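Below are the chains, spelled out letter by letter.
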Amino acid sequence: MSMGKLAGRVAIVTGGGNGLGAECARVLAEHGASVAVADVDGDAANRVAESISAQGRSAFGYRTDVSSEEDVKAMIAQVREKFGRIDVLHNNAAVLNADQRQRDRDLVNLDMEAFDRAMAVNLRGAVLCTKYAIPVMLEQGKGSVIFATSGLGMQGDMSLTGYATSKAALMMLPRLVASQYGKKGIRGNAVQIGLAPQHEMPAPLLEIMRDNHCTAELGTPRQIADVVAFLASDESSFVTGTTLVADGGFSSHTPSLVAMRALFEKMGRTGM
Ligand SMILES: NC(=O)c1ccc[n+]([C@@H]2O[C@H](COP(=O)([O-])OP(=O)(O)OC[C@H]3O[C@@H](n4cnc5c(N)ncnc54)[C@H](O)[C@@H]3O)[C@@H](O)[C@H]2O)c1
C-alpha cells in the first residue's frame, strides 16, 4: 500500500501521453495516486500508463479527444467505473503540434481553423473535463481541479493568437470552480507554466528565453509536475481560485531588465 501524499487518490491527466502531461502522470503516481492518462493519441497514453505500471504503480491509458463531449463523458465514466472515484483532474491537454503552431499566427495572418482548434482543445476541452469530473468529486465532497496555462495567456507576443487567448480564458476557470463548488470541497487552481521546452527550439531563441529568466536555467518537466502534485494534494488545501506562477521569474521582472543588465555589464558594473 502506497503511503505518498496522494495515496488512495485517483487522478486524471489529460494530454498525458507526452511532454509535461506524461511527467505529471509519473509524478502523481510516484506520490501514490492511481492515474488515468487520457490523450487523443491513445498509443502514447498507453505507453505512459504502461511505463508507470512497470514501476509497480497504478495507471491506465484512455484514448480521449478532450474537445469531444462524447469522448470526455465516456472517459470520465470509465475512470469512475475502474477506480470508483476521481480526486484530481489535471487539464493539461493542448494542441501544440508543429502544424498548429505554424497556422496559429498573428491576428491578420491567423488561420481561423487553427484558432477554432486551439479553443476547442485548450479551452472547451478543459471545460468539458471539468463539467463531467466535478459531479463525481461532489459525491466524495472533495476534489482538486488544475488547469495548465501559460505566460502567453497574460502577456502579448508576436504569434500564437489562438493559443494565447485560450490560455487567458483558462485563468478564469479556477475562479469559477472555487466560487461555484468551494463550499462543497472542490478546489480549482491554474499553473501558469514558464518555458519547459518540449519541442525543439532554435538556440538563439532559447538564449533570449534564458536571459529573461530569473533562474539559472529554463524549467524542467519535473519542476512543473512538482507544482501540479502540490496543487493536487492536501498540502495546498487552503489554496483555491488562483493561478500559481511557475516560470522562473520570467513574468516577474521589468521589461527593460535584460537590456539594463547588458548595459551595466558594458559599463563594467558588477553586483547584479
Ligand atoms: N512546455 C512548455 O514549456 C509549456 C509552457 C507553458 C504552458 N505549457 C502548457 O503545458 C501543457 C503541456 O504542454 P507540452 O509542452 O507538454 O505539450 P505537448 O505537445 O508535448 O503535449 C500535449 C499533449 O496533449 C495531447 N493532445 C493534443 N490534443 C488533444 C486532444 N484533443 N485531446 C486530448 N489530448 C490532446 C497531445 O497528444 C500531447 O500528448 C499545455 O497545456 C501547454 O499549454 C507548456
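Reading guide: rules and limits
For every chain, the first residue of the written sequence is number 1, and numbering continues from 1 along that sequence. Side-chain atom pairs in this predicted model are given and counted only at pLDDT of 80 or more, local residue features only at pLDDT of at least 70, and totals for whole chains, interfaces and linings cover all residues. The side-chain figures draw on all heavy atoms in the structure; neither hydrogens nor water molecules are used. UniProt positions are given in the numbering used here, feature names are shortened, and annotations may be inferred rather than shown by experiment. Residues are labelled near a given molecule or strand when at least one of their non-hydrogen atoms is within 4 Å of it. Counting of polar contacts relies on pairs of N or O atoms within 3.5 Å, with two restrictions inside protein: one atom must be capable of donating a hydrogen and the other of accepting it, and residues adjacent in sequence are counted only when both atoms are side-chain atoms. Areas reported here follow the Shrake-Rupley algorithm with a probe of radius 1.4 Å; residue values treat only the protein chains shown as occluding. Under the DSSP-based scheme used, a helix requires at least four consecutive residues in state H or I and a strand at least two consecutive residues in state E, with every element numbered from the N terminus. When residue character is reported, Ala, Val, Leu, Ile, Met, Phe, Trp, Tyr, Cys and Pro are called nonpolar, Asp, Glu, Lys and Arg charged, and the others, Gly included, polar. To get an axis, fit a line to the C-alpha atoms, keeping to the stretch in contact for a helix; angles then go from 0 to 180 degrees between the N-to-C directions. Working definition: roughly parallel below 35 degrees, roughly antiparallel above 145 degrees, roughly perpendicular at 65 to 115 degrees, and oblique for all remaining angles. Should the near helix be turned counterclockwise from the far one by less than a right angle, the crossing is left-handed, whereas a clockwise turn marks it as right-handed. In what follows, a contact means two residues having at least one pair of non-hydrogen atoms within 4.5 Å. Any Lys or Arg side-chain nitrogen located within 4 Å of an Asp or Glu carboxyl oxygen qualifies as a salt bridge. Buried residues are those whose accessible area, probed at 1.4 Å on protein chains only, stays under 20% of the maximum for their type, while exposed residues exceed 50% and partly exposed ones sit between those limits. Pairing between strands requires that DSSP locate at least two bridges from one strand to the other.

Per an unreviewed UniProt entry, the protein chain goes by the name SDR family oxidoreductase and belongs to Stutzerimonas kunmingensis. What UniProt states about the protein chain under its Sequence similarities (unreviewed entry) heading is, verbatim, "Belongs to the short-chain dehydrogenases/reductases (SDR) family."

Around the ligand, the surrounding shell holds 26 residues, and the nearest of these are Leu20, Asp39, Asn92, Tyr163 and Ala196. Thr64 has a polar backbone atom sitting 3.3 Å from a nitrogen atom of the ligand. In the model, an oxygen atom of the ligand is placed 2.5 Å from a nitrogen or oxygen of the Tyr163 side chain. In isolation the ligand has 830 Å² of accessible area, and contact with the protein removes 91% of it. Elements with a minimum of two residues in the shell around the ligand: helix 1 (19-30), helix 5 (112-140), strand 5 (143-150) and helix 6 (161-170). It is strand 5 that provides the largest number of residues to the shell around the ligand, a total of 3 residues. Residue composition of the shell around the ligand, by class: 12 nonpolar, 10 polar and 4 charged.

We now examine the packing of helix 5 against helix 6. Where helix 5 contacts helix 6, the two axes come as close as 8 Å, and the packing angle between them is 20 degrees. Taken together, the axes of helix 5 and helix 6 are roughly parallel relative to one another. Like other packed secondary-structure pairs, helix 5 and helix 6 cross with a definite hand, here right-handed. Listed contacts from helix 6 to Phe115, Ala118, Met119, Asn122, Leu123 and Ala126 of helix 5 are Gly162, Tyr163, Thr165, Ser166, Ala169 and Leu170.

All right, on to the pattern of salt bridges then. Inspection of the entire model under this criterion finds 15 salt bridges. Between Asp65 and Arg117 there is a salt bridge, with the nearest N and O atoms lying 3.7 Å from each other. In this pair, Asp65 sits in the loop between strand 3 (59-63) and helix 3 (69-83) while Arg117 sits in helix 5, placing the two residues 52 residues apart along the sequence. By relative accessible area, which is 33% here, Arg117 ends up partly exposed. Residue Lys142 pairs with Asp234 through a salt bridge whose shortest N-O separation is 3.0 Å. Of this pair, Lys142 sits in the loop between helix 5 and strand 5 while Asp234 sits in the loop between helix 9 (221-232) and strand 7 (242-246); the two residues are 92 residues apart in sequence, bridging distant segments of the chain.

Now for helix 6. For helix 6, the tally of buried residues reaches 7 of 10 residues, placing the bulk of the element in the interior. When we look at burial in helix 6, the residues that qualify are Thr161, Gly162, Tyr163, Ala164, Ser166, Lys167 and Leu170. Turning to helix 6, the residues buried within the fold contact helix 5, strand 5 and helix 7 (173-181).

One open sheet holds the 7 strands; their spatial order is 3-2-1-4-5-6-7, and the pairing between them is parallel. The open sheet is flanked by strand 3 and strand 7, the only strands paired with a single partner. With strand direction ignored, the average angle separating the axes of adjacent strands in the sheet is 20 degrees. Sheet topology note: the strand 4 (residues 88-91)/strand 5 ladder contains 4 bridges and is parallel. In the sheet register, Asn91 faces strand 5, and the bridge partner there is Phe147. Relative to the sheet, helix 7 contacts strand 5, strand 6 (186-193) and strand 7, its axis offset from that of strand 6 by approximately 170 degrees. Seen against the sheet, helix 9 touches strand 4, strand 5, strand 6 and strand 7 and runs at an angle of roughly 165 degrees to strand 6.

By the secondary structure assignment, Arg175 is in helix 7. With 166 residues separating them in the primary sequence, Arg175 and Arg9 have C-alpha atoms 23 Å apart.

Let us look at the packing of helix 5 against helix 7. Viewed as axis vectors pointing N to C, helix 5 and helix 7 meet at an angle of 20 degrees, and their least axial separation amounts to 12 Å. Judged by the angle between their axes, helix 5 and helix 7 are roughly parallel. Judged by the sense of rotation from one axis to the other, the crossing of helix 5 with helix 7 is right-handed. On helix 7, the residues that touch Leu123, Ala126, Val127, Thr130, Ile134 and Leu138 of helix 5 are Leu173, Val177 and Tyr181. Partitioned by chemical class, the residues of the contact of helix 5 with helix 7 number 8 nonpolar, 1 polar and no charged.

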